[in-house]
Amino acid sequence: MHAWSGSLLASLLAGAASLGGAPPGSGGDLVEVEVAGVLPLEMDSGSLLVLREKVTGTVLPIFVGRTEGAALGRRLRRGAPDRPGAAELLDHAIAALGGRVARVAVEGGQAALLHARVTLQQGARRLELEARPSDAIALAVASGAPVYATRRVISEVGLTREELAREHHPGATLAEQAGPKLAF
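Computed from a predicted model, the values in this text were never measured in an experiment.

Colleague: Mind laying out the nonpolar core, listing which residues take part and the relevant values?
Modeller: Counting 27 residues, the largest nonpolar core has Leu49, Leu51, Val101, Val104 and Ile137 as its most contacted members. Among the secondary structure elements, those contributing two or more residues to this core are β1 (30-40), β2 (46-53), β3 (59-65), β4 (100-107), β5 (115-122), α4 (133-143), β7 (147-150) and α5 (151-157). Per-element tally for this core: the top contributor is α4, with six residues. When residues no more than four places from it in sequence are discounted, the contact partners of Leu49 are Val35, Gly37, Val38, Leu60, Pro61, Ile62, Val64, Leu72 and Ile137. Formed by six residues, the second largest nonpolar core is a distinct cluster that contains Leu48, Val50, Val59 and Leu159.

Colleague: Help me get a handle on the sheet that holds β2, residues and values and all.
Modeller: Spatially, seven strands are ordered β3-β2-β1-β7-β4-β5-β6 in an open sheet, and the strand pairing comes out mixed. The open sheet is flanked by β3 and β6 (125-131), the only strands paired with a single partner. Within this sheet the neighbouring strands show an average axis-to-axis angle of 35 degrees, counted without direction. Against the sheet, α4 contacts β1, β2, β3, β4, β5, β6 and β7, and its axis sits at roughly 145 degrees relative to β4.

Colleague: Requested: an account of the side chain of Thr58, with residues and values cited.
Modeller: As for its placement among the helices and strands, Thr58 is situated in the loop between β2 and β3. Overall, the relative accessible area of 10% leaves Thr58 in the buried class. In contact with Thr58, not counting residues within four places along its chain, are Leu51, Arg52, Glu53, Ile154, Gly158, Leu159 and Thr160.

The rules behind each value
- Residues numbered from 1 in each chain as written.
- Predicted model: local features only at pLDDT ≥ 70, side-chain atom pairs only at ≥ 80, totals over all residues.
- Heavy atoms only, no water.
- Core = buried A, V, L, I, M, F, W, Y, C linked by side-chain atoms within 4.5 Å.
- Buried < 20%, exposed > 50% of the residue type's maximum accessible area, 1.4 Å probe, protein only.
- Helix = DSSP H or I, 4+ residues; strand = E, 2+ residues; numbered from the N terminus.
- Contact = heavy atoms within 4.5 Å.
- Pairing = 2+ DSSP bridges.
- Axes fitted to C-alpha atoms, helices over the stretch in contact; angles between N-to-C directions.

As structure tokens, this is what we get:
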């Protein structure tokens, strides 16, 4: 089913006890998530962007291109690119126009493809732009803006802690697999 590395699984399970919630005015349809990490895939030319729901620890794996995954990983490590790319250009353009990234929401799309909505704030003006999840999340990471996912996306694509544990150790309970390091 899913091929997860042991260290990724451990970090996903360890961080599952964080707190968070839906943004004000979202009608409860959005759930706050955090970027758990980006992993290059060995057998593919892509990467796996992993988001984790802050309240339940459910993870949302999103397949992104290798280049996009590397750029996002660099942003997560706060590393500077060798030369500015499209994401840096967009960051600078938003700032030069007096705007800021207010939030990012990962939403469903057609045929199981995900897309994201970037909400920009420019004074009293609020703009929403559609984007690829990798680009939108890169903007959120760079600006410190919150990231959300719709409940529908989480229920359709997300993996609970129990599902992750079964993938890692079929037949064992989550408590048996986690040992004393994972607090519930």
